[in-house]
Amino acid sequence: MTSPTNTPPREKEHFLPYPFTETQPPPELITQGAEALLYRTHFLTPSTPAALKARPSKPYRHPTLDARLTKQRVLAEARVLVKLSALASDPANEVKVPAVLSLEWDASRKVKGLTGEQRGARGTPGGGAWLLMEWIDGKSVKDLLREWDLWLKEPGSTVPADEVEAQEEAVKKLLRRIGRAVGAMHSKGAVVHGDLTSSNIMLRPPTNTSVQNGSAAMTDNENAKTERKLAVPPNLDGEIVLIDFGLATQSVQDEDRAVDLYVLERAFGSTHPRQEAWFDAEVLQSQDGYRGSFKGSNIVLKRLEDVRMRGRKKSMIG
Amino acid sequence: MVQSIHLAHTPANVTLYVAVYREVENAAFLKQQLLAGNAEFEYAFIDASMILSTKHALAAAFRAINDSINERLKSRNVHSEIVFCLSPNNNIGEAFRRYGVSETTKDLLVMKVATTPDVTFESVSAHLSTHVQGKEYPFDDSTFHETADVDRIRKAYKLSSLAPKSAPAKSAKVLNGVTNGEKVDLTKNLEVQILGLMAIRGAT
């Protein structure tokens, strides 16, 4: 590790909070968002994979405000996850989320005797926060549908019509299950996700195949990028797991629920043009989808029509 | 049978020693040593019937060690902090009463955090075998499966009402363990909820 002073400011190392700086093997950076970095690491023993969501402090904010915002956000996410994981004790539960394993809402609270380097690569007084979660094996619905698209338009091999039909039905079935999962989160969980996209919906393969698929998931991004053509359609079985509750709120308002669906609808339409036409019928209107998932769903779907007309923001303030 | 464990993410010089005893006869004596602050008894003595699994116990130890390294312990030392970290709320006394050793404890989990080389596997084993009167058991999930009092654990974490809420008939059946698979699944889920509650403790 080079000390931060040796490198130009733009090429600072990625934020990694203490104690994960000590971790062997070091956590592997998976992705980075505006507020947080996601690493793959482990919990208690190296054989238990875990996802570390690290929220660096924002140097442009006032330190007190920064600590408060960071804490509020990491805690809101953790509380929502704990709340939703409680639902899984019901055998009929349809919404699965990653388990919360450990949490730190202010890595710098009362830290004495540590060098700046140990506190985090940036060495700032605000230590940031982190959330350690269960690692979800498998692929995102986004990746799976992209693979499905590639399989469908694979040149040279003509897919028989009945095979295409069977695979289309498999996608539609997946869409209905997504609708049900979102419905269960809204009704039983009383939670609004805030950032529903097909990349925040994972499909966890059944446990007996999870080992193979789990390792395959790691190389999956490369596959998608190199546009590798697929000979077989992706397997769309498995448990639906919702991830990334960083923008989630606890709410039972029809408006919030409708906006949640609207965000998913818009994101889905722009990410998966080939499947966009099925979205409304399968995810939303089907009795095996959102509409059939809880009692008040028709009111939410009615409200969704209003939201479509005006957009996501009801009050035009801010 | 003392075991030494190195927890992931903790510094290389930190070793955790764990041991489980059943049919313990001198729990009152052990508790007395803690109350007296006897420096020779720097252990976390935990009522093993309140522990669901190894993961449950180790998660508490991980948080306690991490808080200790960052010098933000809420209780006297890292060992009392392990007991406190098992609790879903901020009441230290209540945590000791619920999860710590009591006069009537029969199943005991002992944890010790060693940061200096003079505390060795041999010294811990020797000290514990002379002072704890009980039968040694391995620190593993099958031991805790026998010792865990799931009803009391549920109550301590206020998780009793959550399971049967939406489908009472169905869940009641599953709780009685209709099939082994479902039972394992429920224990797993209980563990998930407990780890979550332990992790968010302390934040207001």
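Where an unreviewed UniProt entry is consulted, chain B appears under the name EKC/KEOPS complex subunit CGI121, with the organism given as Capronia coronata CBS 617.96. Word for word, the UniProt comment on chain B under Subcellular location (unreviewed entry) is "Nucleus".

The name given to chain A in an unreviewed UniProt entry is EKC/KEOPS complex subunit BUD32, and the organism recorded there is Capronia coronata CBS 617.96. Here is the UniProt Sequence similarities (unreviewed entry) comment for chain A, exactly as written: "Belongs to the protein kinase superfamily. BUD32 family." Database annotation for chain A, UniProt heading Subunit (unreviewed entry): "Component of the EKC/KEOPS complex composed of at least BUD32, CGI121, GON7, KAE1 and PCC1; the whole complex dimerizes."

Draft legend 1. Region of interest: the overall build of chain A. Within chain A one finds eight helices and ten strands. Across the 318 residues in chain A, those meeting the buried criterion constitute 42%.

Draft legend 2. Looking closely at the overall build of chain B. Counting its regular elements, chain B contains nine helices and five strands. When the elements of chain B are put in sequence order from the N terminus, they spell out β-β-α-β-α-α-α-β-α-β-α-α-α-α. Within chain B, buried positions represent 43% of all 204 residues. Considering only contacts in chain B between residues 6 or more positions apart, those separated by 24 or more positions represent 74%.

Draft legend 3. Fine view of the sheet that holds strand S4 (residues 100–104) of chain A. Residues and elements named next belong to chain A. The strand order across the open sheet formed by five strands is S1-S2-S3-S5-S4, and the pairing between neighbours is antiparallel. The open sheet has two edge strands, strand S1 (28–32) and S4, and neither has a second partner. Averaged over all adjacent pairs, the angle separating strand axes in this sheet is 25°, with direction ignored. Bridging between strand S3 (residues 45–55) and strand S5 (residues 129–134) involves six bridges; their strand directions are antiparallel. What sits directly across from Ala54, in S5, is Trp130. Here helix H1 (residues 63–87) sits on the sheet and contacts S3, S4 and S5; the angle it forms with S5, its principal contact strand, is near 15°.

Draft legend 4. Summary view of the sheet that holds strand S9 (residues 239–242) of chain A. All names here are of chain A. Spatially, three strands are ordered S6-S8-S9 in an open sheet, and the strand pairing comes out antiparallel. Only two strands of the sheet have a single neighbouring strand rather than two, namely strand S6 (139–140) and S9. In terms of strand pairing, strand S8 (residues 201–204) meets S9 through four bridges, oriented antiparallel. Counterpart to Arg204 in the pairing with S9 is Glu239. Taken strand by strand, helix H4 (residues 161–187) contacts S8 and S9, and its axis lies near 45° from that of S9.

Draft legend 5. Structural detail: the interface of chain B and chain A. Counting residues at the interface gives 33 residues for chain B, matched by 33 residues for chain A. For the side of chain B that touches chain A, the elements supplying multiple residues, two or more each, are helix H2 (54–69), helix H8 (168–175) and helix H9 (180–200) of chain B. Among the elements that make up the side of chain B that touches chain A, the one with the highest residue count is H9 of chain B (nine residues). Taken together, the residues of the side of chain B that touches chain A break down into 18 nonpolar, nine polar and six charged.

Draft legend 6. Spatial organisation of the domain arrangement of chain A. Residue and element names in this part refer to chain A. When cut into domains, chain A gives domain 1 (4–134) and domain 2 (139–310). Counting residues at the interface gives 14 residues for domain 1 and 16 residues for domain 2. Taken together, the residues that form the side of domain 1 that touches domain 2 break down as eight nonpolar, no polar and six charged.

Draft legend 7. Broad picture of unusual backbone geometry. All names here are of chain A. A cis amide bond, omega 5°, links Tyr18 with the succeeding residue Pro19. Even without a glycine there, the phi angle at Asp244 is positive, about 60°. Along the chain, Asp244 turns up in the loop between S9 and strand S10 (249–250). We classify Asp244 as buried; it has 23 C-beta atoms within 10 Å.

Draft legend 8. How the structure looks around the packing of H4 of chain A against helix H7 (residues 273–285) of chain A. All names here are of chain A. Contact geometry for H4 and H7: axes closest at 8 Å, N-to-C directions at 50°. Put simply, H4 runs oblique to H7. Like other packed secondary-structure pairs, H4 and H7 cross with a definite hand, here right-handed. Judged by residue contacts, Val171, Lys172, Leu175, Arg176, Ile178 and Gly179 of H4 engage Gln275, Trp278, Phe279, Glu282, Val283 and Leu284 from H7. Class assignment for the residues of the contact of H4 with H7 results in seven nonpolar, two polar and three charged.

Draft legend 9. Representation of the environment of Thr115 of chain B within the structure. All names here are of chain B. By secondary structure assignment, the location of Thr115 is in the loop between strand S4 (108–114) and helix H5 (121–131). A count of 14 C-beta atoms within 10 Å places Thr115 in the partly exposed class. Ignoring any residue separated from it by four or fewer positions in sequence, one finds Thr115 in contact with Asn13 and Val14.

Draft legend 10. Here's a closer look at the packing of H2 of chain B against helix H3 (residues 78–85) of chain B. Residue and element names in this part refer to chain B. Where H2 contacts H3, the axes come no closer than 8 Å and their chain directions differ by 135°. Looking at the two axes, H2 sits oblique to H3. Note that H2 runs across H3; the crossing there is right-handed. For the pair formed by H2 and H3, the contact residues are Ala60, Ala61, Arg63, Ala64, Ile65, Asp67 and Ser68 on the first element and Val78, Glu81, Ile82 and Cys85 on the second. Tallied by class, residues from the contact of H2 with H3 come to seven nonpolar, one polar and three charged.

Draft legend 11. View of the nonpolar core. Of all hydrophobic cores here, the largest spans 133 residues; its most connected members are Val100 and Leu101 of chain A together with Ile46, Ala61, Leu108 and Met111 of chain B. The element best represented in this core is H2 of chain B, accounting for nine residues. Once residues lying within four places of it in the same chain are set aside, the contact partners of Ala61 of chain B are Leu7, Leu16, Ile82 and Met111 of chain B.

Conventions and cut-offs
Each chain carries its own residue numbering, running from 1 in the written order of its sequence. Here the convention is simple: chains get letters from A, ligands get numbers from 1, in the order in which they are written. For a predicted model such as this one, the threshold for reporting local features is a pLDDT of at least 70, and the threshold for listing and counting side-chain atom pairs is 80 or more; totals across whole chains, interfaces and linings nevertheless cover every residue. UniProt positions are given in the numbering used here, feature names are shortened, and annotations may be inferred rather than shown by experiment. Here a helix means four or more residues in a row that DSSP labels H or I, a strand means two or more in a row labelled E, and each is numbered from the N terminus. To assign burial, the other C-beta atoms lying within 10 Å of each residue's own C-beta are counted, with C-beta atoms placed from the backbone; 20 or more indicates buried, 12 or fewer indicates exposed, and intermediate counts indicate partly exposed. Once C-beta atoms are placed from the backbone, any two residues with those atoms within 7 Å are in contact. Strands are treated as partners if at least two bridges between them are detected by DSSP. With axes taken as lines fitted to C-alpha atoms, and helix axes fitted only over the stretch in contact, angles between N-to-C directions fall between 0 and 180 degrees. Residue type decides the class: Asp, Glu, Lys and Arg count as charged, Ala, Val, Leu, Ile, Met, Phe, Trp, Tyr, Cys and Pro as nonpolar, and the leftover types, Gly among them, as polar. These domain limits were set by an automatic method or by a database of domain assignments. Roughly parallel means an angle under 35 degrees; roughly antiparallel, over 145; roughly perpendicular, 65 to 115; everything else is oblique. Working rule for handedness: look at the near helix, and if it is turned counterclockwise from the far one by less than a right angle, call the crossing left-handed; if clockwise, right-handed. The term nonpolar core refers to a set of buried Ala, Val, Leu, Ile, Met, Phe, Trp, Tyr and Cys residues connected through C-beta atoms within 7 Å.

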